[in-house]
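As a plain string of letters, each chain reads:
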Amino acid sequence: IKSAVDVRPGSVVVKQREPPWGRAVAKVVPGGDHQERHGSEGTTTSGDFSGGAATYAVQAQAKPKPVAQREGPLLVRMGEDEVAPVVGSEVKMTAECRGEFSGHSGPVWCLAVMGDQYIVSGSSDGCVKVWGLRTFQCKHTFAKAHDGIVHAVATNDGDLIISGSSDKLMKVWSLQQAKLVRTLNDHDNTVCKLLVSQNVLFSGSYATIKIHDLKTFACLQSIRGHSHWVRSMTIDIGLLFSGSHNTIRVFDLKKMKWSHVMKGSFGSVYAVEVTADLMFAATYENSIFVWERKTFQHIHTLVGHTGAVYSLCVHKNFLISGSYDNTIRLWNLATMECEQLIRQHTSTVDALLALPQKQTFLSASADHMIKVFE
């Protein structure tokens, strides 16, 4: 692991509790959870949207008891292909590491799927890589794609790859032509998150979400309302769910206005995921908060990780989470119990990606590795 500390957008450095080997290390706190940023959010232009949403608070005194959890099979690397499950656990699903992608020279921050043949990754090494899912080989590297950390990648339904970086730029690449197609410089801060839906690009940065048309590359709208880094977004049935410090916001893409706001004391939100009935938020407070979508009421808190939860994905009937504690957990959506704890990475699990048409998900880590699980 590199000695250099890779910082998340808006980070401050604080002391983390002593690691197992007994030497104190500095932990980077993404989003400055111990140092709130204050100041004006700027003037709202005619293309900006803010306010007008119903607000729901997560009351500390009314917080449900943490959901009980099982220590499912603990995957420990025994050899090239061996894993050792915890004896005596009732397991309904077991994921095993089937392979890995190696090639980045820095922490891997983000993943995206491209069709059914490739995945895309971005790293602190400034590169964007395209990997073959069948060959486990790197198909192409966009070397020195950015002058900073590549925090986000996304793809459209065709040939395009979009990357976002701490250099404040979004870049559009053609895989077929293996070249840069366009550079978008609409953000004035780190680009933390990218999402593509129906050939429209959504990008999250400090207190702002921007919408671009991927046909014309024009910026269609700037959405304001958050007061901190927007690191997490997902879209479902015309609703854009986004998370920042102590806040989850829901934006109605048909009415083009905020519809709901969930507030609490859970710190930065690093990932949001939804199902037909539920909404999940991965937080700085080592927990995953669960809301009911119909009522927007907080109904569960999933506990078990011992570090900030940085990544989430929903796969089949499971919620999968990755954390600063180097582990991946699989949560049964029916029981809200942890059924499996995976230890395959040696550093922070920064990104997760489910392949919907397969029994497969991938994880990316600060140990420079991408691993494939079935």
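Residues numbered from 1 in each chain as written. Predicted model: local features only at pLDDT ≥ 70, side-chain atom pairs only at ≥ 80, totals over all residues. Heavy atoms only, no water.

Caption draft 1: Up close: the overall build of the protein chain. Each helix and strand in the protein chain was counted, giving zero helices and 32 strands. For the protein chain, the residues scored as buried account for 56% of the 374 residues in total. Sequence separation of at least 24 residues holds for 46% of the intrachain contacts in the protein chain that already meet a minimum separation of 6. For the protein chain, the exposed area adds up to about 16400 Å²; of that, 47% sits on carbon and sulfur atoms. (Helix = DSSP H or I, 4+ residues; strand = E, 2+ residues; numbered from the N terminus. Buried < 20%, exposed > 50% of the residue type's maximum accessible area, 1.4 Å probe, protein only. Contact = heavy atoms within 4.5 Å. Areas by Shrake-Rupley, 256 points an atom, 1.4 Å probe, with all protein chains shown as cover.)

Caption draft 2: The sheet that holds strand β32 (residues 369-373), seen in detail. What the four strands build is an open sheet, ordered β6-β32-β31-β30; its pairing is antiparallel. The sheet is open, and its two borders are formed by β6 (97-102) and β30 (349-355), each paired with just one other strand. Here the strands of the sheet are splayed against their neighbours by 20° on average, with no regard to which way each runs. The pairing of β6 with β32 spans five bridges and is antiparallel. Paired with glycine 99 across the two strands is valine 372, which belongs to β32. (Pairing = 2+ DSSP bridges. Axes fitted to C-alpha atoms, helices over the stretch in contact; angles between N-to-C directions.)

Caption draft 3: Seen up close, the environment of aspartate 147. Assignment of secondary structure puts aspartate 147 in the loop between β10 (138-142) and β11 (150-155). Look at aspartate 147 and you get exposed, because its relative accessible area is 77%. Each C-alpha atom, one on aspartate 147 and one on glycine 126, is 6.2 Å from the other, the two residues being 21 residues apart in sequence.

Caption draft 4: Quick peek at the sheet that holds strand β25 (residues 297-302). Spatial ordering of the open sheet is given by β22-β23-β24-β25, a layout of four strands whose pairing is antiparallel. Looking at the sheet topology across the chains shown, the edges are occupied by β22 (269-274) and β25. When strand polarity is set aside, the average angle formed by the axes of neighbouring strands in this sheet is 20°. Here β22 runs beside strand β23 (residues 278-283); their pairing, made up of five bridges, is antiparallel.

Caption draft 5: Just the side chain of threonine 155, in detail. Position of threonine 155 among the secondary structure elements: in strand β11. A distance of 2.7 Å separates the side chain of threonine 155 from the backbone oxygen of valine 113, its partner in a polar contact. If near-sequence neighbours (up to four positions away) are discounted, threonine 155 is found in contact with Ala112, Val113, Met114, Val120, Leu160, Ile161, Ile162 and Val196. (Polar contact = N/O pair within 3.5 Å; in protein donor to acceptor, adjacent residues only side chain to side chain.)

Caption draft 6: Structural detail: the layout of surface pockets. Counted as a void, the largest pocket has a volume near 1400 Å³. Sorting the residues of the lining of the largest pocket by element identifies β7 (108-114), β11, β15 (193-197), β18 (232-236), β22, β26 (309-315) and β30 as the ones contributing at least two each. Across the lining of the largest pocket, the residue classes break down as 29 nonpolar, 13 polar and eight charged. (1 Å grid on protein atoms, 1.4 Å probe; cavity = no way out; pocket = protein on both sides within 12 Å on 5 of 7 lines; lining within 4 Å. Points joined across faces, edges and corners; volume = space filled by probe spheres on them. Nonpolar A, V, L, I, M, F, W, Y, C, P; charged D, E, K, R; others polar.)

Caption draft 7: Main features of the confidence of the model for the protein chain. For the protein chain, per-residue confidence averages 82 on the pLDDT scale, and residues scoring 70 or more make up 76% of the total. Throughout residues 1-7 the model reports pLDDT below 50, and contacts reaching past four residues in sequence, or to other chains, amount to 14 contacts. Confidence over residues 60-91 falls short of pLDDT 50; this stretch has 72 contacts with residues more than four positions distant or in other chains. (pLDDT = per-residue confidence, 0-100.)

Caption draft 8: Layout of the packing of aromatic side chains. One pass over the full model with this rule turns up eleven aromatic pairs. With 4.8 Å between their ring centres and 40° between their planes, phenylalanine 142 and tryptophan 173 make a pair best called tilted. A residue pair is termed long-range when its members are at least 10 positions apart, and phenylalanine 142 in strand β10 and tryptophan 173 in strand β13 (residues 170-174) qualify at 31 residues. For the pair phenylalanine 142 and tryptophan 173, a shared accessibility class is recorded, and that class is buried. Ring pairing ties together the aromatic residues Phe101, Trp131 and Phe136, which thus form one cluster. For the cation-ring pair, arginine 249 lies above tryptophan 258, with the distance from its terminal atom to the ring centre recorded as 5.0 Å. (Phe/Tyr/Trp six-rings, centres within 6.5 Å; stacked < 30°, edge-to-face > 60°. Lys NZ or Arg CZ within 6 Å of the ring centre and 35° of its normal.)

Caption draft 9: Inspection of the pairing of β30 at higher detail. The buried count for β30 comes to seven of seven residues, which makes it a mostly enclosed element. The hairpin formed by β30 and strand β31 (residues 360-365) contains four residues between the paired strands.

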